[in-house]
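Structural description and commentary
What follows is the residue order along each chain.
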Amino acid sequence: MRVRGVADEPIDLTPQGAGRYGLRVHGRRRDRPTPSNQPSEAYLLVVWPIALGAAVAR
């Protein structure tokens, strides 16, 4: 899986190759207007590998 920002190079979110991964997304400043030359939103993506057959985290 890869993600790409507006002007950034793509980032590989699966550094250990194919498999099962958990993904958590945090976003901020989504409702705050800013000048057009500045980013208006920021995101944090947390990815971790999950072993096949592992219990689901709650």
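Calculation notes
Residues numbered from 1 in each chain as written. Predicted model: local features only at pLDDT ≥ 70, side-chain atom pairs only at ≥ 80, totals over all residues. Heavy atoms only, no water. Helix = DSSP H or I, 4+ residues; strand = E, 2+ residues; numbered from the N terminus. Buried < 20%, exposed > 50% of the residue type's maximum accessible area, 1.4 Å probe, protein only. Contact = heavy atoms within 4.5 Å. pLDDT = per-residue confidence, 0-100. Patch = residues over 30% accessible without salt bridge, like charges linked within 9 Å, V, L, I, M, F, W, Y side chains within 5 Å. Areas by Shrake-Rupley, 256 points an atom, 1.4 Å probe, with all protein chains shown as cover. Salt bridge = Lys/Arg side-chain N within 4 Å of Asp/Glu carboxyl O.

1. A few points about the overall build of the protein
- When its secondary structure is counted, the protein shows zero helices and four strands.
- In the protein, the succession of α and β elements from N to C terminus is β-β-β-β.
- Residue burial in the protein is summarised as follows: out of 58 residues, 9% are buried.
- The long-range share in the protein, meaning contacts at least 24 apart out of those at least 6 apart in sequence, stands at 34%.

2. Observations concerning the confidence of the model for the protein
- Of all residues in the protein, 71% attain a pLDDT of 70 or more, and the chain-wide mean is 77.
- Across the protein, the element-wise mean pLDDT spans from 74 in strand E1 (residues 2-3) up to 88 in strand E3 (residues 20-28).

3. Here we look at the environment of Leu23
- The topology assignment puts Leu23 in strand E3.
- Distance in space between the C-alpha atoms of Leu23 and Leu45 is 6.9 Å, their sequence separation being 22 residues.
- Once residues lying within four places of it in the same chain are set aside, the contact partners of Leu23 are Leu45, Val46, Val47 and Trp48.

4. A closer look at the environment of Asp31
- Within the element layout of this structure, Asp31 appears in the loop between E3 and strand E4 (42-50).
- Residue class for Asp31 comes out exposed when judged on its relative accessible area of 72%.
- In this structure the C-alpha to C-alpha distance between Asp31 and Glu41, which are 10 residues apart in sequence, comes to 8.4 Å.

5. Re a nonpolar patch on the surface
- Taken together, the side chains of Met1, Val3, Ile11, Leu23, Val25, Tyr43 and Leu45 make up a nonpolar region of the molecular surface, amounting to roughly 610 Å² of accessible area.
- Of all elements in the fold, only E3 and E4 reach the threshold of two or more residues within the nonpolar patch.

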